[in-house]
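Here are the chains, one letter per residue:
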Amino acid sequence: MDDINLHYRFLNWRRRIRDVRAVRFQERYKRMLKNGDTLSYQGNSDEVGCYVAPRPLSKGNCYFEVTIMDTGVRGTIAVGLVPQFYKLDHQPGWLPQSVAYHADDGKLYDGNPVGQQFGPKCNRGDRIGCGIYCDTIEAGLTTVFFTKNGKEVGSLAFPVAAECLFPAIGMHSLGEEVRLDLQAEWDMEEADSVMMVDSHEDDWGRLYDIRVTGTDYPKNRHPGWSQGSVAYHADDGKIFHGSGVGEPFGPRCIEGDIMGCGIMFPRDYISDGEDDIDEWDPLEVLPRQGVGRIQNVLYLNDDDEEEGDELDQEHDGRKVMVFFARNGKLMGRREVVVPPGGFYPTVGMLSSGEKIKVDLHPLSG
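Residues numbered from 1 in each chain as written. Predicted model: local features only at pLDDT ≥ 70, side-chain atom pairs only at ≥ 80, totals over all residues. Heavy atoms only, no water.

Caption draft 1: Examining the overall build of the protein more closely. Looking only at helices and strands, one finds 3 helices and 22 strands in the protein. Within the protein, the fraction of its 365 residues that count as buried is 38%. As displayed, the protein has an accessible area near 21600 Å², and 49% of this comes from carbon and sulfur atoms. (Helix = DSSP H or I, 4+ residues; strand = E, 2+ residues; numbered from the N terminus. Buried < 20%, exposed > 50% of the residue type's maximum accessible area, 1.4 Å probe, protein only. Areas by Shrake-Rupley, 256 points an atom, 1.4 Å probe, with all protein chains shown as cover.)

Laid out in structure tokens, this is it:
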């Protein structure tokens, strides 16, 4: 009798395992009709309909696209990433740990029902894409980007692991219909484009790439997100210092505001190659004497924290005070270690339509 009970308990355990696996890779949707790769809204326009894909994005499948077949009454179509068991009566991006680009207003919703201006609105025939940069998957801080008709609209550092982010589509009015392609491909290299500038000065070239010990600063990362960089962000007034998570720093900046950045050098500052400064080429930085390999402190990961501490001690004589200003008034300062090769003026943008004027040689009082 005990053997029979044990056998049935084993069979029941196996059935539960199968059920869990089935749920793990099962698509979920509500108030939507799914016909092959087509999704259409089936609610009454008072309630949200949402679809969540069965598998999260990964290195092998890091991008998907949605083609708008019909905008319906209001065109309230959202494309983004959500946790697996996201509430299906909420638009992607409205709840924590979710992010989405909304077609009707071109706004980005980042865990909040109030969006922020991000890109252009999308209409019938437009393709909205969403993906993750694979080089950030293992860091626990996923860089999520969005595209419109194959061109990148913008990106953001999202503090959620990639394996927890599932493709999602939301709809909210009668007649809305999309075609979903979970196996879409996007050539990130070809999609990269140089920031347009309005001058032929050689200095402008540094606003696109920063070369430090032979490695370019990532073009998909805002200034301040990677270690060794620091930046004041206009949209939220936060300072980002080697992290994708900012700290409150100053007021937000809007059209017409003048943002400034500078460095205050201490009297005992030690500069590499100070005697040869006139002949120094910033694009060709040589390693220090006694160092067997070139290191780039911009990209130290968590495993290199102890090594990073040693570098901080080594560069005690190369600390400077970086300060930021708004409309001629000092907003604050931050003490930082100058990376090998030095700091370069840098500007980052995340959404279409953004336009600024840069003065690399302003007069100061």
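Caption draft 2: Looking closely at the pattern of salt bridges. Within this structure, the stated rule accounts for 6 salt bridges. Here E247 makes a salt bridge to R334, at a shortest N to O gap of 3.3 Å. In this pair, E247 is assigned in strand β19 (residues 247-248) and R334 in strand β22 (residues 329-337), connecting sequence segments 87 residues apart. Classification of E247 by relative accessible area gives partly exposed; the value is 43%. (Salt bridge = Lys/Arg side-chain N within 4 Å of Asp/Glu carboxyl O.)

Caption draft 3: Structural view of the packing of aromatic side chains. Inspection of every chain in the model, using the stated rule, returns 9 aromatic pairs. Considering the side-chain rings of F118 and F146, the 5.9 Å spacing of their centres and the 85° angle between planes classify their relative orientation as edge-to-face. Here the residue F118 occupies a position in the loop between β9 (116-117) and β10 (127-132), and F146 occupies one in strand β11 (residues 142-148), the gap between them amounting to 28 residues. Classification of F118 by relative accessible area gives buried; the value is 4%. According to the relative accessible area criterion, F146 is buried, its value standing at 0%. Taking the centre distance of 5.4 Å and the plane angle of 65° together, the rings of Y232 and F249 count as edge-to-face. (Phe/Tyr/Trp six-rings, centres within 6.5 Å; stacked < 30°, edge-to-face > 60°.)

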